[in-house]
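The residues making up each chain are set out below.
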Amino acid sequence: MIMFRIEQHGTSLKQELTAGVTSFFTIAYILVVNPAILADTGMPYSYALLATILATAVGCFLIGLWGNAPIVLTPGMGINAFFTYTIVQGFGLSWQQGLAAVLIAGAIFFISTVTPVAGKMSSAVPESLKHGITVGVGIFLSFIGLQKGGLIVADDETFVTLGKLASPDVLLTIFGLLLTLSLFVRKIKGSFLIGMGITAVIGLLIGVQGEMAGDKITFYGYSSMVGMADFSNWLQLSFWVSVFSLTIIIMFESMGLLHGMLPDRAKFSKSYQASAVSTISCGFLGTSPTIPTVESASGIAEGGRTGLTAVVVGVLFLVSLLFAPLFTAIPEGAIAPVLIIVGGLMVQEIRHITFEDMSEWFPAYLIIGLIPLTYSIADGIAFGFIAYPLLKLALGQPKAVSPIMYIISGLFLMNYILLMGL
């Protein structure tokens, strides 16, 4: 196809279609996981599901047609948890006010992509901190997966402890984890979806279902949710802390993932812009922000080199609307293994952190540890970003930190000073 310049990229129509189908089956678990997480905000599950489908389709069409990149844009794991458990449950915003924060964060993100700001910020942040963010988010996802699967539960004395291994929910989670891991290490295409499907069927056979099983899935009335972003609390500090945190997370996570996955780095600029516009659309459609997903690597491994791969994924997500009622019956024990494994894949980034220099690895360590332990991606990033310049100054190496990094760290510090007054 001419617009994708398939021949120039050394690929073929069949290869691109195969890559798109592979990417879809690898990331399709988001259809179950994202609505389940967003529902914890009080957002109607049906609407969250439709918003997830539409936001992914829009994101894939944007990056496929504008960036011509084989990357999947879908509501990001980790960011959806931040939206739900930090912005809404932690800061006390309603999900409608959270969507308003997404809109503004997306607008700021987009402005940065069409100005020199994005490039300067990317080069200013040390690689050790970028990798630390990925690792920390990975552990956070695994932590959430362990909770959803019942493998760890709350405890009054130790905060968390091992769940009841004999319970059907936990046994189902363990089975699903072993099955999905076995499929994944054997490099079976669509291993996440296959593992989730088999585990869900077994769960139904033994009487373990999703909490919303039997609930009617209807998209009637969803149109009233579009544009439901609520700016009523725009004068409150908690709102702008949410905007600031979201902006930092989506900018740096998108930047890092695109740099790590794009087969052709020349496509970075337009792909980054597409990611920003996609984030804005999420605020209108009603979901947490989209990001480039690590699962895109499966399609790239299948030979995907152009935006046709992403467009195929977008079309398949729209087709999935026909099967929406099936998603509510899926038990959390089938979802948990995917979160645990995806988290583990992200933790592999730790090998890129330089451990010979403590002023490099310790700030990254703070990010890695504090993201899951504070249950907040923003707090983990903040502590690492604040510690980095302080350690360099302690070593008498002030020039080792760029002026922009000093500004970013100062903003994070100011954020905490302002929070003390909340």
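Residues numbered from 1 in each chain as written. Predicted model: local features only at pLDDT ≥ 70, side-chain atom pairs only at ≥ 80, totals over all residues. Heavy atoms only, no water.

Novice: Can you walk me through a nonpolar patch on the surface in this structure?
Specialist: On the surface, a cluster of nonpolar side chains totalling about 460 Å² of accessible area is made up of Leu162, Leu165, Leu171, Ile174 and Leu178. Counting residues per element, the nonpolar patch draws most heavily on helix H8 (residues 168-185), at three residues. By the element assignment, Ile174 lies in helix H8. (Patch = residues over 30% accessible without salt bridge, like charges linked within 9 Å, V, L, I, M, F, W, Y side chains within 5 Å. Areas by Shrake-Rupley, 256 points an atom, 1.4 Å probe, with all protein chains shown as cover. Salt bridge = Lys/Arg side-chain N within 4 Å of Asp/Glu carboxyl O. Helix = DSSP H or I, 4+ residues; strand = E, 2+ residues; numbered from the N terminus.)

Novice: Would you explain the pattern of salt bridges in this entry?
Specialist: Where side chains of opposite charge bring their charged atoms close, a pairing between them can arise. Tallied over the entire structure, the rule returns four salt bridges. Of the charged contacts, one joins Lys130 and Glu127 as a salt bridge, the two residues approaching to 3.3 Å between their closest N and O atoms. One end of the pair is Lys130 and the other is Glu127, both in helix H7 (residues 127-148) and three residues apart, which spans about a single turn. Of the residues examined, Glu127 reaches a relative accessible area of 48% and is grouped as partly exposed. We note a salt bridge from Lys392 to Asp357, for which the minimum N-O separation is 3.6 Å. In this pair, Lys392 sits in helix H16 (residues 377-394) while Asp357 sits in the loop between helix H14 (332-347) and helix H15 (358-373), placing the two residues 35 residues apart along the sequence. Its relative accessible area of 27% is what places Asp357 among the partly exposed residues. If you follow the salt bridges from partner to partner, you end up with Asp357, Glu360 and Lys392 in one network. (Buried < 20%, exposed > 50% of the residue type's maximum accessible area, 1.4 Å probe, protein only.)

Novice: Got a minute to help me understand helix H5 (residues 95-113) in this structure?
Specialist: Each α-helix winds once per 3.6 residues, and so residues spaced three or four apart point in a common direction. Helix length check: H5, at 19 residues, gives a terminal C-alpha distance of 27 Å against a target of 27 Å (1.5 Å per residue), a fit within 8%. Burial within H5 is extensive, with 15 of its 19 residues counted as buried. (Expected span 1.5 Å × (residues − 1).)

Novice: What should I look at first to understand H16 in this one?
Specialist: Here H16 is 18 residues long and its end C-alpha atoms lie 26 Å apart, about the 26 Å a rise of 1.5 Å per residue gives. Three or more residues of H16 are buried, namely Ile377, Ala378, Gly380, Ile381, Ala382, Gly384, Phe385, Ile386, Ala387, Tyr388, Pro389 and Lys392. Gly396 lies just past H16 and shows a positive phi near 75 degrees.

Novice: Teacher, can you tell me more about the confidence of the model for the chain here?
Specialist: Segments scoring low in pLDDT should not have their predicted coordinates read at a detailed level. On average, the chain scores 88 in pLDDT, and the residues at 70 or more come to 95%. At the low end of the mean pLDDT range in the chain sits helix H6 (residues 117-124), at 78; at the high end sits strand E1 (residues 73-75), at 96. (pLDDT = per-residue confidence, 0-100.)

Novice: Mind showing me how you'd approach the nonpolar core here?
Specialist: One broad rule of soluble globular proteins: the nonpolar side chains tend to lie buried together. By size, the foremost hydrophobic cluster in this structure holds 107 residues, and its most contacted members are Tyr29 and Phe385. Of all hydrophobic cores here, the second largest spans five residues; its members include Phe4, Ile6, Val311 and Val312. (Core = buried A, V, L, I, M, F, W, Y, C linked by side-chain atoms within 4.5 Å.)

Novice: So what exactly am I meant to see when it comes to the pairing of strand E2 (residues 152-155) here?
Specialist: One face of the sheet, then the other: side chains in a regular strand alternate in exactly this way. The sheet contact formed by E2 and strand E3 (residues 159-162) spans four bridges and is antiparallel. Bridging from a neighbouring strand, Ala154 pairs with Val160 of E3. A loop of three residues connects E2 with E3, the two strands running antiparallel in sequence. (Pairing = 2+ DSSP bridges.)

Novice: Would you explain the packing of aromatic side chains in this entry?
Specialist: The geometry of an aromatic ring pair comes down to the distance between the two centres and the angle between the two planes. Taken as a whole and assessed by the stated rule, the structure comprises 14 aromatic pairs. A ring pair is formed by Phe143 and Tyr375, whose centres lie 5.8 Å apart and whose planes are at 75 degrees; its orientation type is edge-to-face. Of this pair, Phe143 sits in helix H7 while Tyr375 sits in the loop between H15 and H16; the two residues are 232 residues apart in sequence, bridging distant segments of the chain. A relative accessible area of 19% means that Phe143 is categorised as buried. The exposure class of Tyr375 is partly exposed, given its relative accessible area of 22%. Where Phe268 meets Tyr272, the ring centres are 5.1 Å apart and the plane angle is 20 degrees; that geometry is what we call stacked. One end of the pair, Phe268, and the other, Tyr272, are both in helix H11 (residues 268-285), four residues apart, so they sit about a helical turn from each other. For the pair Phe268 and Tyr272, a shared accessibility class is recorded, and that class is buried. Three or more aromatic residues joined by ring pairs make a cluster, and in this case those are Tyr85, Phe140, Phe143 and Tyr375. (Phe/Tyr/Trp six-rings, centres within 6.5 Å; stacked < 30°, edge-to-face > 60°.)

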